[in-house]
Amino acid sequence: MSRRKQGWYEKTYEIFIIGEQLRFQMHDQGQVRDRRYHLRKYRKCLIGRDAVDWLVKLYHVTSREEAVAAMKILQKYGILHHVADDHDFKDAHLFYRFTRDDDTFKVNRELSAFYRGVELYRKLKNEAGNVMREFYHKGSLYSEAFYGCDVLDFVCMTGADRSEALKDFRDLLERDILKHVTDDYHFTDDRLIYEFSLDFNKPCILLDVLDLTSRKSSDMETASGIVEMEEMAPNNKDPRTSPVHIKSAKKAGPIPRDSIDSAASCASVSSGSVTSRNDSGLGSVSSHTLEPRSVLIRPATVQELEDPSAPYIKRSILIQRDDMGFGFVLRGDSPCHVQTVDPLGPAAAAGLRVRQFLTHVEGQEVLRQDHRQVGRLLASRDHVSLTVLMDRRDANRCDL
């Protein structure tokens, strides 16, 4: 398979993974259920407006416009559709359904192959005993790998024809869902070791879809890593929602949660141009002042935060980076504040919340620094001790 084709599959399957995780979460939290309209019953549906409310509330996105743009992308990739296929996704009282829930995904070959991979992974994980296990091969450890002959034995136990199963596995390998651990062999009915090319379990949020589909990268060397300029939302009329992310130089490859990784995305605008979309397509906006909309109820000055009588509560928070970063975004200039927190990331687990102001990083005062400077302090660390200030009203709402 060509590298170009492999890269296309990689991006597409990442979007499929986000869509499948979103489907599971919306089922789990009651957003998808049977509904009635004009005496007709529609099975396993979600309502566009209610879905947007839910996505914003759970920090999957930062605005309703981003939610609509991202859901339209899922619809474009065949993950979601209007129940009568009459509408694009809208922030309105319209019914939509995941194609996985009505088997209409089967008309999309890539999506069909992806779900075959998902189903195979779940069966190997839950039903196949020791077929998928740890292997050491040429000095490397593969935690979820399997012999080709063993996985064929398992599939054929359910009544599948072995030659047809072999063809299916070869198709999954050609579509970059499976691979030989060293990429040296095609899929064979032999004791060769294979694994899944996709990480079905990596935590994602819907905002990642916008990063994957609209990334226009320009790498610049910095003291702490690389500045990567990314277009956030296709068809977003407000160019202020296009941030610039800082990725740590020691992290190789794409970072799944880079859209909400403070060490990987602390700056919102850097010198140079930020690419954004408008109604006529892609346009380029060159500015040093474009910023995304702030989550702050009202701004605060350094002097106000330093006033001991001000209505703020001080907290100390220790955050341990995971494989995808710290899990939050900073914005603002002197003082900077927490703009976004990944609900599944280490920052949220440690108690960090949106609208908190950073006063110290590892004991160093940062009240008079902007988010770019603070980002550089965070980028090279595996764990960080923060001191933050939070409005008493926010603290009471969060039961801190």
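Each value, and the rule that gives it
Residues numbered from 1 in each chain as written. Predicted model: local features only at pLDDT ≥ 70, side-chain atom pairs only at ≥ 80, totals over all residues. Heavy atoms only, no water. Pairing = 2+ DSSP bridges. Helix = DSSP H or I, 4+ residues; strand = E, 2+ residues; numbered from the N terminus. Axes fitted to C-alpha atoms, helices over the stretch in contact; angles between N-to-C directions. Contact = heavy atoms within 4.5 Å. 1 Å grid on protein atoms, 1.4 Å probe; cavity = no way out; pocket = protein on both sides within 12 Å on 5 of 7 lines; lining within 4 Å. Points joined across faces, edges and corners; volume = space filled by probe spheres on them. Nonpolar A, V, L, I, M, F, W, Y, C, P; charged D, E, K, R; others polar. Salt bridge = Lys/Arg side-chain N within 4 Å of Asp/Glu carboxyl O. Buried < 20%, exposed > 50% of the residue type's maximum accessible area, 1.4 Å probe, protein only. Phe/Tyr/Trp six-rings, centres within 6.5 Å; stacked < 30°, edge-to-face > 60°. Lys NZ or Arg CZ within 6 Å of the ring centre and 35° of its normal.

- As annotated in an unreviewed UniProt entry, the chain carries the name DEP domain-containing mTOR-interacting protein and is attributed to Aplysia californica.

### Notes on the sheet that holds strand β5 (residues 133-137)
Sheet strands associate in pairs through backbone hydrogen bonding, adopting either a parallel or an antiparallel arrangement.
Piece 1. Taken together, the four strands give an open sheet; going across it, the order is β5-β6-β8-β7, and neighbouring strands pair in antiparallel fashion. The open sheet has two edge strands, β5 and β7 (178-180), and neither has a second partner. Adjacent strand axes in the sheet meet at a mean angle of 60°, parallel and antiparallel pairs treated alike.
Piece 2. Sheet topology note: the strand β6 (residues 140-147)/strand β8 (residues 193-196) ladder contains three bridges and is antiparallel. Along β8, the bridge assignment pairs Y147 with I193.
Piece 3. Contacts from helix α5 (residues 148-156) reach β5, β6 and β8, with the element oriented near 40° to β6.
Piece 4. Each of β7 and β8 touches helix α6 (residues 162-174); the most contacted strand, β7, lies at about 90° to it.

### Considerations on the layout of surface pockets
Piece 1. Of the voids in this model, the second largest pocket is the one considered here, and its volume is about 370 Å³.
Piece 2. For the second largest pocket, the lining is made up of 18 residues, of which R116, E119, L120, K123 and D168 are closest to its centre.
Piece 3. Listing elements by their share of the lining of the second largest pocket, those giving two or more residues are α4 (109-126), α5 and α6.
Piece 4. Take the lining of the second largest pocket: its biggest share by element is six residues, from α4.
Piece 5. Looking at side-chain class alone, the lining of the second largest pocket contains nine nonpolar, two polar and seven charged residues.

### Section: the pattern of salt bridges
Piece 1. Across all of its chains, the model carries 23 salt bridges by this definition.
Piece 2. Between R175 and E110 there is a salt bridge, and its shortest N-O distance comes to 3.4 Å. You can see R175 sitting in the loop between α6 and β7 and its partner E110 sitting in helix α4, a full 65 residues away along the chain.
Piece 3. Of the residues examined, R175 reaches a relative accessible area of 14% and is grouped as buried.
Piece 4. R372 is the partner of D333 in a salt bridge, and the nearest nitrogen-oxygen pair spans 3.7 Å. Residue D333 is located in the loop between β15 (328-331) and β16 (337-341), and its partner R372 is located in helix α10 (residues 371-379); the two are separated by 39 residues in the primary sequence.
Piece 5. Taking relative accessible area as the criterion, R372 reaches 16% and is therefore assigned buried.
Piece 6. Bridged by salt links that share partners, the residues E110, R116, D168, D171 and R175 form one connected network.

### Things to note about the packing of aromatic side chains
Piece 1. Following the criterion strictly, the structure yields 19 aromatic pairs and no others.
Piece 2. Their ring planes at 50° and their centres at 6.5 Å tell us that F326 and F328 sit as a pair that is tilted.
Piece 3. For F326, a relative accessible area of 0% puts it in the buried group.
Piece 4. Assessed through its relative accessible area of 0%, F328 is described here as buried.
Piece 5. Put simply, the rings of Y13, F16, Y77, F105, F114, Y115, Y121, F146, F196 and F200 touch in pairs and so form one group of aromatic residues.
Piece 6. R191 extends its terminal NZ or CZ atom over the ring of Y147, reaching a point 4.1 Å from the ring centre.

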